[in-house]
Amino acid sequence: MQILSKISPSLLHTSSSSTALLFSKSFRPNFPFHLKNPFSSYPIHHNRFGALFSSMDSVDSVADKFKNQSLENDGSNSNKRLLKLDELNWDHSFVRELPADPRTDTLPREVLHACYTKVLPSVEVENPQLVVWSESVAELLELNPKEFERPDFPLLFSGASPLVGAVPYAQNYGGHQFGMWAGQLGDGRAITLGEVLNSKSERWELQLKGAGKTPYSRFADGLAVLRSSIREFLCSEAMHSLGIPTTRALCLVMTGQDVTRDMFYDGNPKDEPGAIVCRVAQSFLRFGSYQLHASRGNEDLEVVRTLADYTIRHHFPHLENMSKSESISFSTGEEDDSTVDLTSNKYAAWAVEVAERTASMIARWQGVGFTHGVMNTDNMSVLGLTIDYGPFGFLDAFDPSYTPNTTDLPGRRYCFANQPDIGLWNVAQFATTLSTAKLLNEKEANYAMERYGIRFMDDYQAIMTKKLGLVKYNKQMIGDLLKHMAVDKVDYTNFFRLLSNIKADATIPDNQLLIPLKAALLDIGMERKEAWTSWVKSYIQELSTSGVSDDERKASMNSVNPKYILRNYLCQSAIDAAEQGDFGEVRRLLEVMQRPFDEQPGMEKYARLPPAWAYRPGVGMLSCSS
C-alpha cells in the first residue's frame, strides 16, 4: 500500500510556510486490495471505499465499551457518597503536563509552541436559567443530582461565577476544513474547566461551550445561541443512548442575554437567546490538535511527540507497556518486507487504535442513518467519539447524498454516503502528521489506514446483518434493499423498525407480503410494488433457513433498530418552545431519546414522519452558524 509515499519526503522537513502544502494536499489513499464502498452504487462524489474481512472484535464489543458507561457500576453507585460541586476531585493533567501559552489575554492571535491558553469565561449573563440537565452524566461524575437545584447553579455553569477547583483554558489546534488546510483554529468559544476524577479514577473533562472569547475566536464573539445549544445537548445524549461513542452533555443554561447571528449568511442577522452547554468527555483532543504543531515545521515537532505521549499515558495506557510476548505484529503482504510489529512502537499501535475507533464510530453512524455534516479534521476525536454537533441530521427519506449542512451543498463532501471515505481521508491526515513528527514509518502509517478499512467493513456488515435479522451477511440482499429504499425515498428508521414484523412464512400470498411495511412504502406504483414484493420474497426465503423464530428475531432486530431518533423537526419544536420560555419539550425529548429502542406507549408522536414544515430552511438543513 502506497499512501505516504505519494507525498514528497522533502515536504516533511520544511519550514512552516512550505509545510502547509503537505496539509492542503487532497491525496486519496490508493489501496492495493479491492475496496468497495457499500454506498458507491449511488451517484455520490468520490466514493472508493470498501471491504476487507478479518476476525477483529465484533461490533458488539465496541458498543459495550462505550454505551452506558455509568452502568459499569452495576448499582454500586448507590453505595457511594454523591458529591457536591465543591467536593469534585479536580485534576489538571492537560495544564500540568503540556506546554502553555505564556499569555492569558484573549486578543486574537497565532499561539505558537503551546497546546492551550489559560483563559477565564467572559460571557455576560442576566438572570441565567437552567434549561435541562442529564442525570446519567451526573452519575459519571458522582455528582449529587440535588446540586442542579442550587440557586447559583446557572451562574456556575454559565461561567459567570467560578467553579471551585477549576483551572479554565482553551485548547489550541488546527485542521482541514472541507479538505483544505485552515491553519490554527482552536477553541474559539469553548473553555475547558478541567478534569474531574471519579472514584474509579475515570477522567472526565468539563467544558463550557459558548463561554466567551479566547485567543482562537478570530473575529467571532465566542458565544453560542439557544437553538444550537439545544441541538448539541440533545444529540449528545441521544447518540449515547443509541450506543454510539460520543461526547456527553451535563447541562444547558440560558444566559439571559441575546446573541446576534446571521443563520443563513444572507446579510439578515437577528438577535437570538444566548446559551451555554457543559460538555463532558474523557478528552476533547482532536486530529487537528496534533496536525497544527506538525504543520509548523521542525521547531514544533517535539510538541507533537509530547502531546502524543500525554494522550497515550492518560487515555491509552494499555499501549505504554506492551511486551513482545503480546505478539502484536501483522503481515503487510508486501514483497520487500513483511511485518509491522506494533509492540516495538507505541505510536504505531496508537495510530492503529485511533483508526479502528474512528471506523467503528462511523460504521455505527451509518447503521442509524446519522450524518455529521462537518467532518473536518478539527472535528475528529482521537478517542473515536462523535464530537462537535453542528448541522447534523438523521436520515428521514433514505437519500445517500443527504447532507444537513448548507455550506456543504456545492460538493456534498460530507454527505451520508461519503462518511466512510472521509473518515479514511481524515485518518490519512492523522497518520501523515505522526509520520511528519517521525513517530511512524511509512509501513506503520499505511497499516493504520488498512486497519481502518478492515474495521469499518467488519463493523458495518455486522450492524446491517443484525438490522435485517439475518444470521450471516448477505451483500446482494442488503445492497438491493438500499437501492430500493433510495428509489422510493423510504424512511430509514421506520422501515427497519417495521421490517421486524415480517414473518418467515413462504406461504404468505404475494398480495399480502407488503402489508407489514405499508406505513413505510407510501405512494409507490405497481412496478415498484412488484420490485418490493420480489425483495421481500427473497428475504423471507433467507429468514426461513435461519432456524430463528419470528418472535426471537423481532426482539433482536428491535434492539438494534431504534423507534425514536432525534429528527431535526423534533429539535426545532423543542427550540421553538424553549425560545418562548417553555423548557418542557426539551426535557420530554431528552427522556424519549434516552430509550430509543423501547416502544414507550404514549410517545408514538415522536416516531412520526416529518411534517411538511420540517423541510423549510433552518430545520431540515442548517448552516454552521451558531
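Before reading further, recall that the structure is shown in the block above.
The structure displayed is predicted, hence computed values, not measured ones. (Residues numbered from 1 in each chain as written. Predicted model: local features only at pLDDT ≥ 70, side-chain atom pairs only at ≥ 80, totals over all residues. Heavy atoms only, no water.)

A. Geometry of the overall build of the chain. Broken down by element type, the chain carries 17 helices and 14 strands. Across the 626 residues of the chain, 61% fall into the buried class. Taking contacts inside the chain between residues at least 6 apart in sequence as the whole, the part at least 24 apart equals 74%. Accessible surface, the chain as shown: approximately 24200 Å² in total, 51% of it carbon and sulfur. (Helix = DSSP H or I, 4+ residues; strand = E, 2+ residues; numbered from the N terminus. Buried < 20%, exposed > 50% of the residue type's maximum accessible area, 1.4 Å probe, protein only. Contact = heavy atoms within 4.5 Å. Areas by Shrake-Rupley, 256 points an atom, 1.4 Å probe, with all protein chains shown as cover.)

B. Layout of the packing of aromatic side chains. Counted by the stated rule, this structure contains 28 aromatic pairs. Between the aromatic rings of Phe 316 and Trp 350, the centroid separation amounts to 6.2 Å while the plane-to-plane angle is 75 degrees, which identifies the pairing as edge-to-face. In this pair, Phe 316 is assigned in the loop between helix H8 (301–315) and strand E11 (329–331) and Trp 350 in helix H9 (residues 346–368), connecting sequence segments 34 residues apart. Here Trp 350 falls in the buried class, since its relative accessible area comes to 0%. Summarising the aromatic geometry, the rings of Tyr 492 and Phe 496 are spaced 5.2 Å apart at their centres and angled 70 degrees between planes, so their arrangement reads as edge-to-face. Of this pair, Tyr 492 and Phe 496 both sit in helix H13 (residues 492–499), separated by four residues, roughly a single helical turn. On the basis of relative accessibility, which here comes to 2%, the residue Tyr 492 falls in the buried class. (Phe/Tyr/Trp six-rings, centres within 6.5 Å; stacked < 30°, edge-to-face > 60°.)

C. Fine view of helix H7 (residues 287–294). By the criterion of burial, H7 is predominantly enclosed, with eight of the eight residues buried. If you check which residues of H7 are buried, you get Phe 287, Gly 288, Ser 289, Tyr 290, Gln 291, Leu 292, His 293 and Ala 294.

D. A look at helix H12 (residues 475–488). The end-to-end C-alpha distance of H12, which contains 14 residues, comes to 20 Å, matching closely the 20 Å that a straight helix rising 1.5 Å per residue would cover. When H12 is considered as a whole, its buried residues turn out to be Met 477, Ile 478, Leu 481, Leu 482, His 484, Met 485, Ala 486 and Asp 488. Those residues of H12 hidden inside the fold are in contact with helix H11 (442–467), H13 and helix H14 (526–544). N-cap assignment for H12: the residue whose side-chain oxygen lies 3.3 Å from the backbone N of Gln 476 is Asn 474. Positive backbone phi, at 50 degrees, marks Lys 489, one or two positions downstream of H12. (Expected span 1.5 Å × (residues − 1). Polar contact = N/O pair within 3.5 Å; in protein donor to acceptor, adjacent residues only side chain to side chain.)

E. A look at the nonpolar core. The biggest cluster of nonpolar side chains holds 137 residues, and the ones touching the most others in it are Trp 350, Leu 468, Met 485, Phe 495, Leu 499, Tyr 539 and Leu 566. Top contributing element to this core by residue count: H9, with 14 residues. Structurally, this core is a two-domain feature, drawing no fewer than three residues from each of domain 1 (82–286) and domain 2 (470–547). Sequence-distant contacts of Leu 566, defined by excluding residues within four places in its chain, comprise Leu 234, Cys 235, Ala 238, Phe 392, Phe 394, Cys 571, Leu 589 and Met 593. With 37 residues, the next largest nonpolar core counts Leu 83, Val 111, Phe 148 and Val 259 among its residues. (Core = buried A, V, L, I, M, F, W, Y, C linked by side-chain atoms within 4.5 Å. Domains from an automatic or database assignment.)

F. Spotlight on the pattern of salt bridges. As enumerated under the stated definition, the model contains 36 salt bridges in all. Across the pair Arg 357 and Glu 353 runs a salt bridge whose closest N-O atoms are separated by 3.0 Å. Residue Arg 357 and its partner Glu 353 are both found in helix H9; the two are separated by four residues, about one turn of the helix. Note on accessibility: Arg 357 and Glu 353 belong to one class, buried. Residue Arg 451 is joined to Glu 356 by a salt bridge in which the shortest nitrogen-to-oxygen separation is 2.9 Å. Highlighted residues: Arg 451 in helix H11 and Glu 356 in helix H9, separated in sequence by 95 residues. When its relative accessible area of 11% is taken as the criterion, Glu 356 is described as buried. One network of salt bridges, in which partners are shared, links Asp 91, Arg 96, Glu 97, Glu 195, Arg 203 and Arg 313. (Salt bridge = Lys/Arg side-chain N within 4 Å of Asp/Glu carboxyl O.)

G. A look at the pairing of strand E7 (residues 190–197). Taking burial as the measure, the eight residues of E7 include eight buried ones, the bulk of the element. Relative to E7, strand E1 (residues 90–91) runs antiparallel, the two sharing two bridges. Bridging across to E7, Trp 90 finds its partner in Val 196. Strand direction decides the pairing type here: E7 and strand E8 (residues 203–209), joined by seven bridges, are antiparallel. Of the residues in E8, the one forming a bridge with Ala 190 is Lys 209. Between the antiparallel neighbours E7 and E8 lie five residues, among them Ser 201 with a positive phi of about 65 degrees. (Pairing = 2+ DSSP bridges.)

H. Layout of the packing of H8 against H9. At a minimum axis distance of 11 Å, the contact between H8 and H9 shows a crossing angle of 70 degrees. Taken together, the axes of H8 and H9 are roughly perpendicular relative to one another. With respect to the hand of their crossing, H8 and H9 are arranged in left-handed fashion. Two secondary-structure elements touch here, H8 through Arg 305, Ala 308, Asp 309, Thr 311, Ile 312 and His 315 and H9 through Lys 346, Tyr 347, Trp 350 and Arg 357. Residue composition of the contact of H8 with H9, by class: four nonpolar, two polar and four charged. (Axes fitted to C-alpha atoms, helices over the stretch in contact; angles between N-to-C directions. Parallel < 35°, antiparallel > 145°, perpendicular 65-115°, else oblique. Left-handed = near helix turned anticlockwise from the far one by under 90°. Nonpolar A, V, L, I, M, F, W, Y, C, P; charged D, E, K, R; others polar.)

I. Examining the environment of Met 449 more closely. Mapping Met 449 onto the fold places it in helix H11. Judged by relative accessible area, which is 0%, Met 449 ranks as buried. Separated by 21 residues in sequence, Met 449 and Ala 428 place their C-alpha atoms 6.6 Å apart.

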